[in-house]
Amino acid sequence: MEITTSYKQRRTDLLTYLKGSIGILKAAPHMTRSNDTEFQFRQNSNFKYFTGFSEQESILVITPNNNIKFHLFVRPKNELQELWTGKRMGVDKAKSILDIDEVYSIDDFAEKIIDLLPDHDAVYCDLFGDNSFMQDMLGYIKQTQTKYRKSSLISPYKLGDIKHFTKNLRLTKDTNEIQFMKRAAQVSSKAHIAAMAKAAPNVNESEVAALIEYICKKEGAPSLAYESIVAGGDNANTLHYIANNQKLNDGDLLLIDAGAEFNLYASDVTRTFPINGTFSGIQKDVYLLVLDAQKSCINMSLPGKSLIEIHNEARKILTQGLIDLKVLSGSLDENITESHYKKYYPHGTSHWLGMDVHDECHYHTEKRKDIQLAKGMVFTIEPGLYFPKSDKSIRSELQGIGIRIEDDILMTAIGHENLTSQIPKEIKEVEDVCRRPLQELQ
Ligand SMILES: [Mn+2]
């Protein structure tokens, strides 16, 4: 278990946002894969963020208007269950280890929640998370209203989305979180470099995907932050291509979007490189254009800037490049205002990064202003250009080229740090790594 003080501070911060309303956060539900086989359990990000607790079937309740404000419901010790599914912390240990005011057995939740709800006018929870839990909560609120109908204590009569508050709290990463994110980025860097060396004509995308996963696990990141995209040639033009089961072809590029998750913190990295180790002339032209946009966006990542300004920069450079490549005709302004570039650059340039790869943080302030970049914020910069093979309106040498370059950027007090800068992206360095045998790197 990591340092618990920061979890306690986070709960206290959330309490401030809740004002007089009750807050409820639930552990991730159990996910069945098929019949009685299960997916690996992955804790709910918000639940972990405010408790540090990794077990399933747990619920955190925050009651700002009660003397005791923090309540955690956990699975009780059970020798037989533990024999099959592993150790549980249990009620007694959870109280001391997690430093929470009151800990109860999850078996008592239905009974206890009825008496925790009164004296709070609203209930904030993850409205769009676990549907069956939301149904249960509505039942508990109704039972509370009935039980306390003649009491002077108000029963909850409003529901709210607790993520509206957690999206503020998770935006700025603390020192511990940054350490975890740096580790995730380091592991991803090793995996991407190995993938460059591994890829060759006739190797299958699945082998490269497996190597990435192997290196993540070997380096201490138990899982990936999302399904890897290992997309040879035209497959790169399917933005969320995760089939990863085709043979790599001589002369094609390979786009890999893959990132390790360390201690539930994500990295998110994309590189695109030549399968045979040498960019062709046209591949180089498109690659350098995307790289130019990416570097320009990274350079302008300074405190006070916003993600939309960064996106506008990428859009400007890529659109001008599309005009120079004679893919688009007309003026730069016209192509931007008419969104013609979107056919070849259909996605955004950045998203927040944290416990979730698309971290659930606000992009605007309450006053509808763009969030200004500041120390501790982490986000991606990932411009790309896509020319599907099926698009006969573009000249044939471009068809089947899909390129994206993505790094993870941490804001500092005076500028930024590129957490994934170790992975080559200059033409010569990329070709060098691609041509090296994998054994040399291990
Ligand atoms: Mn991304």
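Visitor: I would appreciate a short explanation of a nonpolar patch on the surface in the present structure.
Guide: A cluster of nonpolar residues, L80, L83 and W84, forms a patch on the protein surface that exposes about 450 Å² of accessible area. With respect to the helices and strands, L80 occurs in helix α3 (residues 79-85).

Visitor: Looking at this structure, how should I read the coordination of the manganese ion?
Guide: Octahedral metal centres with six donors ideally show angles of 90 or 180 degrees, and tetrahedral centres with four donors ideally show 109.5 degrees. All of the protein donors around the manganese ion are D268 (OD), H351 (NE2), E382 (OE) and E406 (OE); their distances to the metal are 2.0 to 2.3 Å. Sequence spacing among the residues donating to the manganese ion works out to D-x82-H-x30-E-x23-E. In this pair, H351 sits in the loop between α12 (332-337) and β15 (378-381) while E406 sits in the loop between β17 (401-404) and β18 (407-411), placing the two residues 55 residues apart along the sequence.

Visitor: What should I look at first to understand the domain arrangement of the chain in this one?
Guide: When the parts of a complex come together, some accessible area is lost, and that lost area is often used as the size of the interface. Split into domains, the chain comes out as domain 1 (5-169) and domain 2 (175-441). Taking only C-alpha atoms, the centre of domain 1 and the centre of domain 2 are 37 Å apart. At the junction of the two partners, domain 1 supplies twelve residues and domain 2 supplies eleven residues. Taken together, the two surfaces of domain 1 and domain 2 that pack against each other cover about 1,100 Å², and 48% of this comes from carbon and sulfur. Considering only the surface of domain 1 that becomes buried against domain 2, R42, S45 and K167 emerge as the three largest contributors, covering 47% of it. Our count for the contact surface shared by domain 1 and domain 2 stands at three salt bridges. The shortest N-O distance in the salt bridge between E177 and R10 comes to 3.8 Å. Joining domain 1 to domain 2, the criterion identifies seven residue pairs in polar contact (both at pLDDT 80 or more). Those elements that provide at least two residues to the side of domain 1 that touches domain 2 are α1 (5-18), α2 (45-51) and α7 (163-169). If you tally residues by element for the side of domain 1 that touches domain 2, the top one is α7, at five residues. Here the residues of the side of domain 1 that touches domain 2 are counted per class, giving one nonpolar, six polar and five charged.

Visitor: Mind showing me how you'd approach the environment of L322 here?
Guide: Checked against the element boundaries, L322 lands in helix α11 (residues 307-324). Overall, L322 belongs to the buried group, its relative accessible area being 0%. Between the C-alpha atom of L322 and that of Y341, which follows or precedes it by 19 residues, the distance is 7.7 Å. Apart from residues no more than four positions distant in its own chain, L322 is found in contact with L289, V327, L328, Y341, Y344, L385 and F387.

Visitor: What should I look at first to understand the sheet that holds strand β12 (residues 260-262) in this one?
Guide: As a general point, the strands of a sheet are linked pairwise by backbone hydrogen bonds and lie either parallel or antiparallel. With antiparallel pairing, three strands are arranged side by side in an open sheet as β9-β12-β13. Edge positions in the open sheet fall to β9 (223-224) and β13 (265-266), since each of these has one partner strand only. Bridge analysis of β9 against β12 gives two bridges, and the strand direction is antiparallel. Paired with L224 across the bridge in β12 is A260.

Visitor: How should I be thinking about the pattern of salt bridges in this particular structure?
Guide: Pairing is possible between side chains of opposite charge, provided their charged atoms come close. Counted by the stated rule, this structure contains 30 salt bridges. Two residues, K173 and D359, come together in a salt bridge whose shortest N-O distance is 2.9 Å. A residue pair is termed long-range when its members are at least 10 positions apart, and K173 in the loop between α7 and α8 (175-198) and D359 in the loop between α12 and β15 qualify at 186 residues. Here K173 falls in the buried class, since its relative accessible area comes to 5%. Via salt bridges that share partners, R170, K173, D356 and D359 belong to a single interconnected network.

Visitor: Just to check I follow, could you spell out the environment of Q43 for this structure?
Guide: Counting through the fold element by element, Q43 comes out in the loop between β3 (37-38) and α2. Q43 sits 15 residues away from A28 along the chain, and the two C-alpha atoms are 5.3 Å apart. In contact with Q43, other than residues within four places in its own chain, are A27, A28, K48, F53, S54, E55 and L264. Of the polar contacts made by the side chain of Q43, one reaches the backbone nitrogen of A28; its length is 2.9 Å. From its side chain, Q43 meets the backbone oxygen of F53 in a polar contact 3.1 Å long.

Visitor: Even after reading the chapter, I still don't get the nonpolar core, so can you show me in this structure?
Guide: Among soluble globular proteins, nonpolar side chains are generally buried collectively. In this structure, V208, L385 and F387 are the most contacted members of the largest nonpolar core, which totals 73 residues. Sorting elements by how many residues they give to this core places helix α10 (residues 281-299) first, with nine residues. Excluding anything up to four places from it in sequence, L385 contacts V286, L289, V290, L318, L322, Y344, Y345, I401, G402 and I403.

Visitor: Looking at this structure, I do not really get the packing of aromatic side chains. What am I missing?
Guide: Two measures describe an aromatic ring pair: the distance that separates the ring centres and the angle between the ring planes. Per the stated rule, a full pass over the model turns up 13 aromatic pairs. Ring geometry for Y17 versus F165: centroids 5.8 Å apart, planes at 35°, classification tilted. Of the two residues, Y17 sits in helix α1 while F165 sits in helix α7, which places them 148 residues apart along the sequence. Judged by its relative accessible area of 32%, Y17 is partly exposed. Relative to Y287, the ring of F279 lies with its centre 4.8 Å away and its plane at 50°, an arrangement referred to as tilted. Residue F279 shares its accessibility class with Y287, and that shared class is buried. Ring pairing ties together the aromatic residues F73, Y104, F109, F133 and Y140, which thus form one cluster. Taking NZ or CZ as reference, R10 lies 4.0 Å from the ring centre of Y49, over its face. Taking NZ or CZ as reference, K26 lies 5.8 Å from the ring centre of F133, over its face.

Conventions and cut-offs
- Residues numbered from 1 in each chain as written.
- Predicted model: local features only at pLDDT ≥ 70, side-chain atom pairs only at ≥ 80, totals over all residues.
- Heavy atoms only, no water.
- Patch = residues over 30% accessible without salt bridge, like charges linked within 9 Å, V, L, I, M, F, W, Y side chains within 5 Å.
- Areas by Shrake-Rupley, 256 points an atom, 1.4 Å probe, with all protein chains shown as cover.
- Salt bridge = Lys/Arg side-chain N within 4 Å of Asp/Glu carboxyl O.
- Helix = DSSP H or I, 4+ residues; strand = E, 2+ residues; numbered from the N terminus.
- Donors = N, O, S within 2.8 Å, 3.2 Å for Na, K, Ca; no water.
- Domains from an automatic or database assignment.
- Contact = heavy atoms within 4.5 Å.
- Buried area = accessible area lost by both parts, 1.4 Å probe.
- Polar contact = N/O pair within 3.5 Å; in protein donor to acceptor, adjacent residues only side chain to side chain.
- Nonpolar A, V, L, I, M, F, W, Y, C, P; charged D, E, K, R; others polar.
- Buried < 20%, exposed > 50% of the residue type's maximum accessible area, 1.4 Å probe, protein only.
- Pairing = 2+ DSSP bridges.
- Core = buried A, V, L, I, M, F, W, Y, C linked by side-chain atoms within 4.5 Å.
- Phe/Tyr/Trp six-rings, centres within 6.5 Å; stacked < 30°, edge-to-face > 60°.
- Lys NZ or Arg CZ within 6 Å of the ring centre and 35° of its normal.

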